[in-house]
Amino acid sequence: MENTDLLLSQVILPQAVDFELKGLSQKEEVIEHLADRLEQAGVLSSAHEFISAVYEREKQGPTYMKFHVAFPHGKSSSVLQAAVAFGRSQSGIQYDNEFGGGVANLIFLIAIPEDMQATAYIDVLKRLARLLMQESFREEALQVDSYEALIAAVARGEVLVQD
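Below you will find a few notes about this structure. (Residues numbered from 1 in each chain as written. Predicted model: local features only at pLDDT ≥ 70, side-chain atom pairs only at ≥ 80, totals over all residues. Heavy atoms only, no water.)

## Thoughts on unusual backbone geometry
Spelled out, the test is: The numbering of helices and of strands both runs from the N terminus, where a helix is a DSSP run of H or I of at least 4 residues and a strand a run of E of at least 2. A simple rule labels every residue: compare its accessible area, found with a 1.4 Å probe on the protein chains alone, to the largest value its type can have, and call it buried under 20%, exposed over 50%, or partly exposed in between.
A positive phi angle is found at Phe67, which is not glycine, with a value near 75°. Within the element layout of this structure, Phe67 appears in the loop between strand E2 (64-65) and strand E3 (69-70). Positive phi outside glycine occurs at His68, with the angle close to 65°. Among the secondary structure elements, His68 is positioned in the loop between E2 and E3. Using a relative accessible area of 41% as the deciding quantity, one classes His68 as partly exposed.

In C-alpha cells:
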C-alpha cells in the first residue's frame, strides 16, 4: 500500500481503540494513553518521542474541530508505520490549546512516519477532516460498541468523501 492511498479504515488498529477513556479528562492524558496503545501495538518505537512530536504540532495550529472532535497528530522517526488510535468519551475531554478548543468526544490520534511525503500526510489529514464533517459518521462513531462496527462506519464514511 502506498502512502498516498492510506485510508483511515486501514490504519485504525484494534489495540489502539478505547471506547470509554475512563478516568481521563484532559487532552494530555488522552494523547499519552492513546500513544501508549500505539506503542503496545508495535507501531511506535517510542511513545515518549512520538508524544513530543504531537505536542510540537499542537503549537502550530488547532487540532480541535467543532462538532466535539479532535485529531492530534505527529510526524516522527519513532513511528514505524502509519497508524491511528481512536478514543471516545461520552462525557468529553477538555481539549484546548493556544488556538482555542472545546470539549471533544471523539479523538483520533494520528501517527505518521518521518519519511512519509508531505503531500501524502496532508492528504490523510484532509480525508479525515472531510470524514469528520459528516454528521452521520460522527453520530455513528458515538454509538458503535466494537472495533468491527467502528471500522465499518469509517469505511462507509470514506466512500462518501472519496477524492
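Back to the text.
## Notes on the pattern of salt bridges
Where we set the bar: Salt bridge, as used here, is a side-chain nitrogen of Lys or Arg placed within 4 Å of a carboxyl oxygen of Asp or Glu.
In total, this model carries five salt bridges according to the counting rule given. With a closest N to O distance of 3.3 Å, Glu20 and Lys22 form a salt bridge. Glu58 is paired through a salt bridge with Lys27; the nearest N and O atoms lie 2.8 Å apart. Here Glu58 is found in helix H3 (residues 47-58), whereas its partner Lys27 is found in helix H2 (residues 27-40), with 31 residues between them in sequence. In terms of burial, Glu58 and Lys27 fall into one category: buried.

## Digging into the packing of helix H5 (residues 135-143) against helix H6 (residues 147-160)
This is how the line gets drawn: Orientation is described by lines fitted to C-alpha atoms, with helices fitted over the stretch in contact, and by angles between N-to-C directions that extend from 0 to 180 degrees. Should an angle fall under 35 degrees it is called roughly parallel, over 145 degrees roughly antiparallel, and 65 to 115 degrees roughly perpendicular, with every other angle called oblique. It only takes one pair of heavy atoms within 4.5 Å for two residues to be counted as in contact.
Close contact between H5 and H6 brings their axes to 10 Å; oriented N to C, the two are set at 175°. Classed by the angle they form, the pair H5 and H6 counts as roughly antiparallel. Residues Ser136, Phe137 and Glu140 of H5 touch H6, and the partners they reach there are Ala153, Val154, Arg156 and Leu160.

## With respect to the nonpolar core
If you look at soluble globular proteins, the nonpolar side chains tend to sit buried side by side. Stated precisely, the cut-off is as follows: What we call a nonpolar core is a set of buried Ala, Val, Leu, Ile, Met, Phe, Trp, Tyr and Cys residues that are connected through their side-chain atoms within 4.5 Å.
Among the nonpolar cores identified, the biggest contains 32 residues, and Leu8, Ile12, Phe71, Phe108, Leu132, Phe137 and Leu150 are the most heavily contacted of them. Of all the secondary structure elements, the ones that give two or more residues to this core are helix H1 (8-11), strand E1 (12-18), strand E5 (83-97), strand E6 (100-113), helix H4 (118-132), H5 and H6. The dominant element in this core, judged by the number of residues it contributes, is H4, at seven residues. When sequence neighbours within four positions are dropped, the list of residues in contact with Phe108 reads Leu8, Ile12, Ala70, Phe71, Pro72, Val84, Ala85, Phe86, Leu128, Leu132 and Phe137. Leu24, Val43, Ala47 and Ile107 belong to the second largest nonpolar core, which has 26 residues in total.

## With respect to the environment of Gln90
Filter applied, for reference: Residues adjacent in sequence count toward polar contacts only when both atoms are side-chain atoms; beyond that, a polar contact is any pair of N or O atoms within 3.5 Å, and within protein one must be able to donate a hydrogen and the other to accept it.
Within the secondary structure layout, Gln90 lies in strand E5. On the basis of relative accessibility, which here comes to 53%, the residue Gln90 falls in the exposed class. Placed 62 residues apart in sequence, Gln90 and Glu28 show a C-alpha to C-alpha distance of 17 Å. Those residues in contact with Gln90 that sit more than four places away from it in its chain are Asn105 and Leu142. A polar side-chain atom of Gln90 sits 3.1 Å from the main-chain carbonyl oxygen of Leu142.

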